[in-house]
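# A look at the structure
Residues per chain, in single letters:
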Amino acid sequence: MDRSDAECVTGTVPQGPPQWHAIPWRKVARSVHRLQARIAKAMAEGRRGKVHALRRILTRSLGAARWAVRRVTTNKGKRTPGVDGVVWSTPKAKQEAIAATQRGPYQPLPLRRVYRPKPNGKKRPLGIPCMKDRAKQAVHALALDPIAECLADPNSYGFRRERSTADAIEQCFIALARRQAAQWVLEGDITACYDRISHGWLDKHAPMDKGILRKWLKSGYVERKTFHATEEGTPQGGIISPVLCNLTLDGLERLLEERFKQRKVNMVRYADDFIVTGNSKELLRDEVKPVIEAFLADRGLELSAEKTRIVHIEEGFDFLGQHVRKYNGKLIIKPARKAVKGLLAKVGGILERSVSTQPAEVIRQLNPVIRGWANYHCVVRIHSLTWTGRSGSRCGDGPNAHTRTKA
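Residues numbered from 1 in each chain as written. Predicted model: local features only at pLDDT ≥ 70, side-chain atom pairs only at ≥ 80, totals over all residues. Heavy atoms only, no water.

In terms of nonpolar packing, the biggest core is built from 40 residues, with Leu244, Leu256, Val276, Val288 and Ile292 touching the most fellow members. Of all the secondary structure elements, the ones that give two or more residues to this core are α6 (131–151), α8 (193–196), α9 (199–205), α10 (210–217), α11 (241–249), α12 (252–259), β7 (273–278) and α13 (281–297). The biggest single contributor to this core is α13, with seven residues. Those residues in contact with Leu256 that lie beyond four places of it in its chain are Val265, Met267, Val276, Val288, Val291 and Ile292. One finds Trp20, Leu54, Ala138 and Val139 within the second-largest nonpolar core, a separate group that totals 29 residues. (Core = buried A, V, L, I, M, F, W, Y, C linked by side-chain atoms within 4.5 Å. Buried < 20%, exposed > 50% of the residue type's maximum accessible area, 1.4 Å probe, protein only. Helix = DSSP H or I, 4+ residues; strand = E, 2+ residues; numbered from the N terminus. Contact = heavy atoms within 4.5 Å.)

Across a sheet, strands are paired by hydrogen bonds formed along the backbone, either parallel or antiparallel in direction. Read from one edge to the other, the open sheet built from four strands follows the order β6-β7-β3-β8, with strand pairing classed as antiparallel. Pairing within the sheet leaves two strands with one partner each, and these edge strands are β6 (267–270) and β8 (309–312). Adjacent strand axes in the sheet meet at a mean angle of 20° when their direction is disregarded. Taken together, the six bridges between strand β3 (residues 184–189) and β7 define a ladder with antiparallel strand orientation. Among the inter-strand pairings, Asp189 is bridged to a residue of β7, identified as Asp273. (Pairing = 2+ DSSP bridges. Axes fitted to C-alpha atoms, helices over the stretch in contact; angles between N-to-C directions.)

With that settled, the discussion passes to the sheet that holds strand β10 (residues 322–327). Pairing is antiparallel across the open sheet formed by three strands, whose spatial order is β9-β10-β11. Lying at the two open borders of the sheet, with one neighbouring strand each, are β9 (317–319) and β11 (330–335). Between one strand axis and the next, the sheet turns by 30° as a mean value, whatever way the strands run. Bridge count for β10 against β11 is six bridges, and the pairing is antiparallel. Residue pairing in the sheet places Lys326 in a bridge with Leu331 of β11.

As a further point, take the side chain of Thr73. When you line up the elements, Thr73 lands in the loop between α4 (62–72) and α5 (91–102). Polar side-chain contacts of Thr73 include one of 2.7 Å to the backbone oxygen of Val69. A distance of 3.2 Å separates a polar side-chain atom of Thr73 from the backbone oxygen of Arg70. Discounting residues that sit within four places of it in the chain, Thr73 has contacts with Trp20, Lys78, Trp88, Lys94 and Met131. (Polar contact = N/O pair within 3.5 Å; in protein donor to acceptor, adjacent residues only side chain to side chain.)

Taken N-terminus to C-terminus, the directions of helix α3 (residues 48–59) and α6 make an angle of 150°; their axes are 8 Å apart at the nearest point. Here α3 is positioned roughly antiparallel relative to α6, judged by the angle of their axes. Of the two elements, α3 crosses α6, and the hand of that crossing is right-handed. Counting all contacts with α3, which are made through Val51, Arg55, Leu58 and Thr59, the residues of α6 involved are Val139, His140, Leu142, Ala143 and Ile147. Residues of the contact of α3 with α6, tallied by class, amount to six nonpolar, two polar and one charged. (Parallel < 35°, antiparallel > 145°, perpendicular 65-115°, else oblique. Left-handed = near helix turned anticlockwise from the far one by under 90°. Nonpolar A, V, L, I, M, F, W, Y, C, P; charged D, E, K, R; others polar.)

Structural data, given as structure tokens:
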């Protein structure tokens, strides 16, 4: 006698899955995180077969499907539809999405191409997947994250749990603040990184379901009701794209460390933005830069000839919205001019549109803009030999001072 027959005999009413608002989210989070921890442990032990088995369990689990649907229905893009025009805005739609995400045949739809303005006046192309594709990507991202963490470079800070831009700036301080530290910096800029990543390289090296990955990479995009095929790149706008970008660029820091030991070559990377320090301009130009170019070429990428430059620390450079420069031997980090101008332009735009608006309403609009900008930059204090960011550690005293730099 099966379970349904037993329920009918005893007179009990069969119970279906809990409704959206009744789902025990803490229990779901614990189950997902437990599987992720097991994947990370197996990966650290080199048990690739175990990693593959646990990854399959996680991507097919009910908890991962629930967590993925919750993620795509609570982030900033929850009201942005894909090419099908569908959004999951009701509890019933979210409940049905869980079942559709967990099982059944799957074929992704093309992306919806939109453009966002860039600070330099150009436009950044974004590919917006439909809701079901976002949820499916979120499921596979849950299984890919712990693997990517085990393969990540030590000083990679973009799109990683418990890491932020403040940590990247702190590492810049650690690598450059001392008097005997490297004095030259290579500012790296990769041309259209997301749009040019080699599909062949990802298919060969990304530790995930190859069939699903190929479907996403080759799904194409729709612009002005016209379908365009995609032969390279992973779309900006996809949930799993940042993880794939990190996997593509991981290994560069370790390669530089092996090639240039004892030469004060340090790398700090946030997603596709990075800097590399060195003893001399000639070292960075003639030895380090060719190694980086060869590493990127294998992945279908290249450095931007216009934006990649080598500067002395006394000239300074901009990185992640901060300006890093030494004045008379003292390293000073402060908001970059572009960041200040961007804030003033945004505040000025709000004031211009609010000429006839009540002061209370103007203040309500200005507060999140000013507060967000201040919170981003407040982790940096202008100081000569002390870092007073989030960790509160001093240069030379903190736990990272001896483990994250050779300078």
